[in-house]
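So you can see what is in the structure, the chains are spelled out below.
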Amino acid sequence: ITQTVVDSTEFPPLETDQSWARIPNLTGDFAQTIIPTPEAENLAGSRGDAPVFSHASGAFDTAISVEITAPGSTEIRFTTDGREPVSGSTLYSGPVVVSSTTGLRARAWYTTQEPSLTTSASYLFGLPADREIPVISLVLDPEEFDEIHTNFDERGRAWERGAFVAVMSPDGSVVQESGAGLRLHGGFSRSADKRSFRLYFRNAYGNREWSLPWLERSPNDSFEQLVLRAGGNDGFLVPSTSQLNEVTLIRDQVLRDWFADQGHFAADGFFGALYINGEYRGIYNATERISNDTMERVSGADEWDIIKGSWTFETKFFTEATDGDPAAWNDFLAWHTSSDLSTDQDFEELKERIDYRNFLDWMALNIVAQNEDWPHNNWISSRERGNPAARFSFHEWDAEWGLGLRPQGWQSDTLLWTQGDNFHNSASHNGFIAPLSNLFNGNDLNRLGVNPPVNGILDHPQGVRDFVSAVEDFLNFEFATEKATEEFDAYVSLLETEIPREAARWHASSIFSESQLNSRWPVAVQNLRNFIANRPAIVRNLITSEFGLPGTRRITFNRSGSGEGTAAINGHVVSLPWTGTFFDGSITELIAIPAINSQFDGWTGAITSSEPGLDYSVSAGGDLSVTLVFNQSTGEGPLPGDVIFNEYWVNDDPTDYLIGMIEGDWIELLVVRDMVDMRGMRLTDNENVGDLESIEDGDGSLILPEIPALAAVRSGTIILVLSSTNETNDASFPADDLDAADGRLVFYRANGSLDETTDPGFGLGTDDGSIALVAPGALPSFLDDIGIDFIAEGLRVTPETFFNAPSGVFFPNPFGGIGTNDGAVFLNDGDGMWNNDDGQDPVRGDFVPGPGGWIVDPGATFTGDEDAGSPNLLTPGYPNTGQIITPLIPPGTGSTWSIR
């Protein structure tokens, strides 16, 4: 079909309330205008430039004199009380002296243009020198703030008010700022004196996507909503003396951290000292909100159903859709009610409807943590909308009742509580077991008989085994006493100097005095440490009793021999020696992982085998000892860094490169050491080196063929892999280029040279995606494959989790924030060599490499995407622009990465 372009335009970034229109109407050139005229003649109109302040937002010790400039303006007016400047506001006539905490806001007026947008800044004075947490400063019209604060039961966009937000380090040296919409947040706590808030970053206020360095798991320019949690149940305003004696303000944050440690997406967060119009409001936990926007960033999919479990005194527990609609969730519950999870068929179908591992890990976390404001309440689930293959995943959220806050503390039988044997299973609380309790164990404990008979996960033997394994893993790893205490104490160190200020601010609203709040907090902190130390034994007893297990065994894993190595236990890499506690009868996946230049020679002690990977059934009896024997390697094979990722692109628009027209995803490898055997190497986006189970999740591998051209690849060879199949690439690459005489090899997925059937599903992603290049080991299962290189777009998958070992491949700074049509280019590292492990690039959008040699997310100006005349500095199949392909590593000398 021949298509004719009738009209087209390319437009620059537009500010708030700007249009792009032909002026005069129909015939003129396109121009920016601030006068929208739908179904009417286009009109020209412009807004004058916003004022510029001589001092940026920050913290100050002495008075400052702020000059405000707006060239060409007729007048500048400003406010210092949070209000937007209007024509009657104070007229600027000279520098504004600021000597106390102030929100300064200014607008400029012009003769022939409309008044400018408002410029705002937060100037903070007298900040405490001992503060360890960032400062969050909100500036807004005080009357509008009082309006939303007073009408705390009101919700929605109608009760959102514009504000200026500045987040800065305690000394004011690092500042992120933007306009945002402010709302109240929460349910039961909305009427408390200390209330939670929600920030919306929209184009109407300023930056739509925000970055904060204190959100370490979130890539740059990645979130559009931020919740400021006041700490309702784990805060100084709770009305119960026994509960107040346990308050730390830390519980929810550390539980979300542990959920992330389990390998699941968890909303990131940090603690900050909040000021509103200069008034100190106390300690707040700022966190991402689980929303459609958040899940779009995480997955790349556009539309999501976000389902939330809530509770009120009037309705008791109920379910609502905070984004999307509840239709798919209700369909799932209806399916469960009509199914029998004790049968293999329905049990397997369940795994197609929910993220089964995610659900069991989430259950294990909250049961161990003694969260008793759940699972009838305070849960969030997400599912990609409109995708028949999508599954529901569950998120840790609002878990403040956990970790000993409730009566009985670490001795509580939360396993029974979670199955439904609690006060919610009564006529006064809807009279039936909450849906998630029902899913977990059917309605076995329903005392009222309201629900029809239905079986849950624990009614299937495999469900019991998998849940016991999830609890075992959480206790051995994420909740291991030393680790969990260290992570909790890190937050204690951040908050301990701020607690007296929190107590001084809110004691008048508390049943405790200021001195009591200050004296009880260290006691509550120690109580939580005691919970971490004592809870594992209680939970293990609950599990053995509930499921009739003989008991538990402590197994110590040691290392011997002339070589080095470690072990992966159920996917967790541990340093040897290491001791864990296992339930009798559990199946434990063990993998021996030799270090570089070492080889694994067998298991001795309680296990005798030469296989590097095996499943071990824990038998009843005494404590056990296992030794892994590693010796110096007698062979020479590919080493980490012999081949590196040199360039890659995601969702590339059809672009004409030197090598030809390319569309979609592509990866470029550079061979660094001479004469590398690349036969059987694979590119994989699985979550770990031996993860074949993730095939169902759409992850997979592209495996290079066993051909002579790859048997001894010379240094300097560039290997281009085109992983998207389409008509553009079909036309440009009808056959693979397997002749390396020109220093290049090309593999196009559609041509059949690459093996994608052994581990199908390979694809590049734009959020939290990761790619590894691995060389084949001896095992066909991939379990002993050798890590060659690794790159990532987020923190969820790291080289350690990917390779199950410190394999010599590192990547401390991933490519956070790559968009839907972007990528990264490597030049040389700071020494002019080929260590590409440092992915930081502080300034995105240019073509200047960061200190590690990577150019991340270069702007459209440099990629041929801005207009027909812009240069394209991307060079798939050729050395990268500005790259020097020397010096490379000669044969037989080993890789420079082998000593890292």
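All figures in this text were calculated on a predicted structure; none of them were measured in a lab. (Residues numbered from 1 in each chain as written. Predicted model: local features only at pLDDT ≥ 70, side-chain atom pairs only at ≥ 80, totals over all residues. Heavy atoms only, no water.)

Novice: Got a minute to help me understand helix α5 (residues 327-337) in this structure?
Specialist: It helps to recall that an α-helix has 3.6 residues per turn; residues three or four apart then point in one direction. Restricting attention to buried positions, one finds in α5 the residues Trp329, Phe332, Trp335 and His336. Taken around the axis of α5, the buried residues stretch over an arc of 120°, which confines them to a single face. (Buried < 20%, exposed > 50% of the residue type's maximum accessible area, 1.4 Å probe, protein only. Helix = DSSP H or I, 4+ residues; strand = E, 2+ residues; numbered from the N terminus. Arc of directions from axis to C-beta.)

Novice: Just to check I follow, could you spell out the pairing of strand β26 (residues 578-583) for this structure?
Specialist: Residues in a regular strand project their side chains so that they alternate between the two faces of the sheet. Burial analysis of β26 places 5 of its 6 residues in the buried class, which makes it a mostly covered element. Inspection of the sheet shows strand β23 (residues 552-560) paired to β26 by 6 bridges, in the antiparallel sense. Looking across to β26, one finds that arginine 553 is bridged to phenylalanine 582. (Pairing = 2+ DSSP bridges.)

Novice: Help me understand a negative patch on the surface in this model?
Specialist: Side chains of Glu209, Glu296, Asp302 and Glu303 sit close together on the surface and give a patch of like negative charge. Note on placement: glutamate 296 falls in helix α4 (residues 292-299). (Patch = residues over 30% accessible without salt bridge, like charges linked within 9 Å, V, L, I, M, F, W, Y side chains within 5 Å. Areas by Shrake-Rupley, 256 points an atom, 1.4 Å probe, with all protein chains shown as cover. Salt bridge = Lys/Arg side-chain N within 4 Å of Asp/Glu carboxyl O. Lys, Arg positive; Asp, Glu negative; His and termini not counted. Charge placed at Lys NZ, Arg CZ, Asp CG, Glu CD.)

Novice: Even after reading the chapter, I still don't get the sheet that holds strand β22 (residues 393-395), so can you show me in this structure?
Specialist: Strands in a sheet are paired, the pairing made by backbone hydrogen bonds, and the direction either parallel or antiparallel. With respect to topology, 4 strands assemble into an open sheet ordered β20-β19-β21-β22, the strand pairing being antiparallel. A strand with exactly one partner marks an edge of an open sheet, and here the two such strands are β20 (316-323) and β22. Averaged over all adjacent pairs, the angle separating strand axes in this sheet is 25°, with direction ignored. In the packing of α5 onto the sheet, contacts are made with β19 (304-312), β20, β21 (379-384) and β22, and the angle to β21 comes to roughly 105°. (Axes fitted to C-alpha atoms, helices over the stretch in contact; angles between N-to-C directions. Contact = heavy atoms within 4.5 Å.)

Novice: Please explain the side chain of aspartate 789 as it appears in this structure.
Specialist: With respect to the helices and strands, the residue aspartate 789 is situated in strand β38 (residues 786-792). A distance of 2.8 Å separates a polar atom in the side chain of aspartate 789 from the backbone nitrogen of phenylalanine 645. Filtering out sequence-adjacent residues up to four positions away, aspartate 789 remains in contact with Val643, Ile644, Phe645, Ile771, Ala772, Leu773, Phe803, Val809, Asn836 and Asp837. (Polar contact = N/O pair within 3.5 Å; in protein donor to acceptor, adjacent residues only side chain to side chain.)

Novice: Before we go on, may I ask you to explain the nonpolar core in this structure?
Specialist: Generally speaking, a soluble globular protein has its nonpolar side chains buried in company with each other. Ranked by internal contacts, the top residues of the largest apolar core, which has 83 residues, are Trp258, Phe359, Phe467 and Phe479. With 11 residues, helix α13 (residues 514-547) is the single largest residue contributor to this core. The contact partners of phenylalanine 359, leaving out residues within four places of it in the chain, are Ile354, Phe394, Leu436, Leu439, Phe440 and Ile457. In this structure, Leu683, Val689, Ala772 and Phe826 belong to the second largest nonpolar core, which totals 48 residues. (Core = buried A, V, L, I, M, F, W, Y, C linked by side-chain atoms within 4.5 Å.)

Novice: Teacher, can you tell me more about the packing of helix α10 (residues 461-476) against α13 here?
Specialist: Helix-helix packing: each pair is described by the crossing angle between the helix axes and the interaxial distance. Packing of α10 against α13 leaves a shortest axis separation of 11 Å and a crossing angle of 170°. One way to sum up the angle between α10 and α13 is to call them roughly antiparallel. The chirality of how α10 crosses α13 is left-handed. Packed against α10, whose contacting residues are Val464, Phe467, Val468, Val471, Leu475 and Asn476, the element α13 presents Pro536, Val539, Arg540, Ile543 and Phe547 at the interface. Of the residues contributing to the contact of α10 with α13, the split by class is 9 nonpolar, 1 polar and 1 charged. (Parallel < 35°, antiparallel > 145°, perpendicular 65-115°, else oblique. Left-handed = near helix turned anticlockwise from the far one by under 90°. Nonpolar A, V, L, I, M, F, W, Y, C, P; charged D, E, K, R; others polar.)

These values are about where atoms sit, not about what they do.
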